[in-house]
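Architecture and fold: a report
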Amino acid sequence: MNVAGNSLFDIIETEPAANEDENCLSVQKVLETIKTAWKNEKLSPEILPNKVEYIDCMLEQIKQMEENIEKLRKDDIRIEIHRMEIERIRFVITSYLRVRIEKIEKFTLDIVQQDFERSSDNMYLSHDELKYAKSYLKSIDNHFDKYLNMLPPNLRTLEENKKLIKPDLNTYVFLRAGKDVANVYIRDMSENKEDEFVLDEGSQHILPYESIAEFVKNNDVQLL
Amino acid sequence: MDPAEIEFIAEDQNVEIIPKFNHLNLIHLISGDVGPFRAGIPAKVPLWLAINLKQRQKCRLVLPTWMNLETLTEIKEEEKKSRFFIKMPSDHYMEMSHIILDIGADDIPNVDLIRTLIKDIWDLRISKLRSSIDTFVKSGGGHATLNHLTQFEINSIRNILCDVLDTMSSLKDKQCDVDVTLVTSNSQSQ
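Each value, and the rule that gives it
Residues numbered from 1 in each chain as written. Chains lettered and ligands numbered in written order. Predicted model: local features only at pLDDT ≥ 70, side-chain atom pairs only at ≥ 80, totals over all residues. Heavy atoms only, no water. UniProt positions renumbered as here; feature names shortened; annotations may be inferred. Patch = residues over 30% accessible without salt bridge, like charges linked within 9 Å, V, L, I, M, F, W, Y side chains within 5 Å. Areas by Shrake-Rupley, 256 points an atom, 1.4 Å probe, with all protein chains shown as cover. Salt bridge = Lys/Arg side-chain N within 4 Å of Asp/Glu carboxyl O. Lys, Arg positive; Asp, Glu negative; His and termini not counted. Charge placed at Lys NZ, Arg CZ, Asp CG, Glu CD. Helix = DSSP H or I, 4+ residues; strand = E, 2+ residues; numbered from the N terminus. Contact = heavy atoms within 4.5 Å. Expected span 1.5 Å × (residues − 1). Buried < 20%, exposed > 50% of the residue type's maximum accessible area, 1.4 Å probe, protein only. Arc of directions from axis to C-beta. Domains from an automatic or database assignment. Buried area = accessible area lost by both parts, 1.4 Å probe. Polar contact = N/O pair within 3.5 Å; in protein donor to acceptor, adjacent residues only side chain to side chain. Nonpolar A, V, L, I, M, F, W, Y, C, P; charged D, E, K, R; others polar.

Going by what an unreviewed UniProt entry lists, chain B is known as DNA replication complex GINS protein PSF2 and is assigned to Diaphorina citri. For chain B, the Subcellular location (unreviewed entry) comment in UniProt is given as "Nucleus".

By the naming in an unreviewed UniProt entry, chain A goes by DNA replication complex GINS protein SLD5 and is assigned to Diaphorina citri. You can read under Sequence similarities (unreviewed entry) in the UniProt record for chain A the words "Belongs to the GINS4/SLD5 family." Recorded in UniProt for chain A, the comment headed Subcellular location (unreviewed entry) runs: "Nucleus".

Right, dumping it as structure tokens:
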């Protein structure tokens with residue numbers, strides 16, 4: 001029984017190789033990517049490009065792992081260890097998706113409008129998130145339509161841009177540079193000019209999010 | 001971020017344990033392999049696993065190499081002398097020591113002394129942090145480098161500092177607007 005259990009787990013080990021051909025990534029790398037995305041998403045004011053293919057890959061791994069756990073003997077020490085790890089990964093994934101939903105509900109119109117201008121390959125929202133955002137938007141509109149009609153006629157119109165809530169991109173964030181990053185421009189409000197900075201690899205900074213937004217998106221810097 | 005989440009992140013760090021059980025095959029975790037475990041032979045595992053095994057009485061914890069009286073006293077002295085933040089032996093020294101000293105107390109000699117030293121280092125660093133923030137904010141903000149500051153320390157000042165800087169920059173923004181309107185109204189009146 002024990003031997004059978006082991007060979008099953010060996011199958012899991014060889015499984016990532018198949019994915020490697022597709023994504024050139026091991027399952028550890030996928031997990032690292034998800035954890036980094038989670039931290040960045042929690043700390044950035046705006047919604048970041050989705051990592052749905054990594055999430056799907058990880059959920060698939062978890063499913064396989066759970067199937068294999070079922071086949072182990074009930075007193076096997078590995079059962080609890082694997083279950084614990086799966087719970088930890090699930091927590092990260094749930095928390096990640098939840099932060100994104102919070103942002104979608106807050107900045108619905110802005111996010112949908114921006115994604116509308118992107119090509120379908122570069123959309124920040126995943127397919128399901130976009131579907132959710134659209135239905136959320138619709139229910140807000142319905143809500144406004146319904147209650148605005150109860151107001152006196154001169155107050156009934158509501159301009160689109162009054163409903164638009166944008167994230168504050170000027171807000172300050174902490175970050176660590178994953179590599180040397182040149183051409184970081186920080187706006188100096190009092191003198192209305194921009195200063196240029198270079199962030200050395202491994203250095204940590206506090207500065208306005210706007211200055212490094214693109215470097216967060218291409219993973220050159222990590223928010224702290 | 002919630003302090004509990006920072007602690008959660010710290011639990012991914014590897015620590016050494018001395019197992020009290022045998023499991024001679026590798027355990028293939030998603031985050032990497034652990035094992036083999038032989039009773040009495042040290043093995044490296046993530047902290048979350050060490051906590052679980054310890055709570056089930058299946059292992060003893062080995063303190064990280066830096067978590068001893070001599071090293072910590074040295075760090076404390078160095079932190080006192082230096083004007084800047086010194087590099088800590090672990091990016092998660094606060095969370096790790098909190099967890100390890102809490103659950104592993106019975107394996108550790110001088111646990112209270114170690115705890116006090118870490119608290120001293122923390123206090124030194126936080127007061128240094130407060131005074132540098134004071135200088136930073138008074139200088140008008142903009143951009144600051146914070147090398148060697150750990151995640152937990154950053155988290156402890158995040159809300160208040162970001163709030164202050166955001167408010168300052170929005171005030172400056174408004175000030176600029178006012179300046180502009182003043183200039184235009186002046187030029188119109190002339």
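The discussion continues.
**Re a negative patch on the surface**
All names here are of chain A. Together, Glu53, Asp56, Glu60, Glu67 and Asp128 make up a region of like negative charge exposed at the surface. Broken down by element, the negative patch gets its largest block of residues, 4 residues, from helix 3 (residues 52–70). Counting through the fold element by element, Glu67 comes out in helix 3.

**Observations concerning the environment of Gln204 of chain A**
Inspection of the secondary structure assignment puts Gln204 of chain A in strand 4 (residues 204–208). The spacing of Gln204 of chain A and Asp220 of chain A is 16 residues in sequence and 13 Å in space, taken between C-alpha atoms. The contacts of Gln204 of chain A, once residues within four sequence positions are left out, are Leu175, Arg176 and Leu224 of chain A together with Ala144, Thr145, Leu146, Asn147, His148, Leu149 and Ile154 of chain B.

**Observations regarding helix 6 (residues 127–148) of chain A**
An α-helical segment advances 3.6 residues per turn. Residues three or four places apart therefore align on the same side. All names here are of chain A. When the terminal C-alpha atoms of helix 6 are compared, their 32 Å separation across 22 residues agrees well with the 32 Å that a helix rising 1.5 Å per residue should span. Every buried residue belonging to helix 6 is among Glu129, Leu130, Ala133, Leu137 and Leu148, and all of these are buried. Each buried residue of helix 6 lies within a common arc of 100 degrees when the element is viewed along its axis, so the set occupies one face. Pointing more than 90 degrees away from the buried face of helix 6 are the exposed residues His127, Asp128, Lys131, Lys138 and Lys146. On its buried face, helix 6 is in contact with helix 4 (77–106) and helix 5 (108–117).

**Section: unusual backbone geometry**
Generally, phi is negative for residues other than glycine and the peptide bonds are trans, each holding for most cases. Here Gly35 of chain B and Pro36 of chain B are connected by a cis peptide whose omega angle stands at -5 degrees. Position of Pro36 of chain B among the secondary structure elements: in the loop between strand 3 (32–34) and strand 4 (43–46). Of note in this structure, Asn219 of chain A is not a glycine but carries a positive phi near 70 degrees. Along the chain, the position of Asn219 of chain A falls in the loop between helix 7 (209–217) and strand 5 (221–223). For Asn219 of chain A, a relative accessible area of 44% translates into the label partly exposed. With a phi close to 70 degrees, His148 of chain B is a non-glycine residue in the positive phi region. Overall, the relative accessible area of 36% leaves His148 of chain B in the partly exposed class.

**Remarks on the domain arrangement of chain A**
Residue and element names in this part refer to chain A. Here the domain parsing of chain A yields domain 1 (27–165) and domain 2 (168–223). Taking the mean C-alpha position of each, domain 1 and domain 2 sit 25 Å from one another. Of the residues lining the interface, 11 residues belong to domain 1; the matching set on domain 2 comes to 12 residues. Across the domain 1 to domain 2 interface the summed buried area is about 920 Å²; carbon plus sulfur atoms make up 57%. When residues of domain 1 are sorted by the area they lose upon contact with domain 2, Asn40, Pro45 and Glu46 head the list and together hold 48% of the total. Across the domain 1-domain 2 interface, the total number found is 1 salt bridge. Note that Glu46 and Lys217 form a salt bridge whose closest N and O atoms lie 2.8 Å from each other. Linking domain 1 with domain 2 are 5 residue pairs in polar contact (both at pLDDT 80 or more), by the criterion used here. The class makeup of the residues in the side of domain 1 that touches domain 2 is 5 nonpolar, 3 polar and 3 charged.

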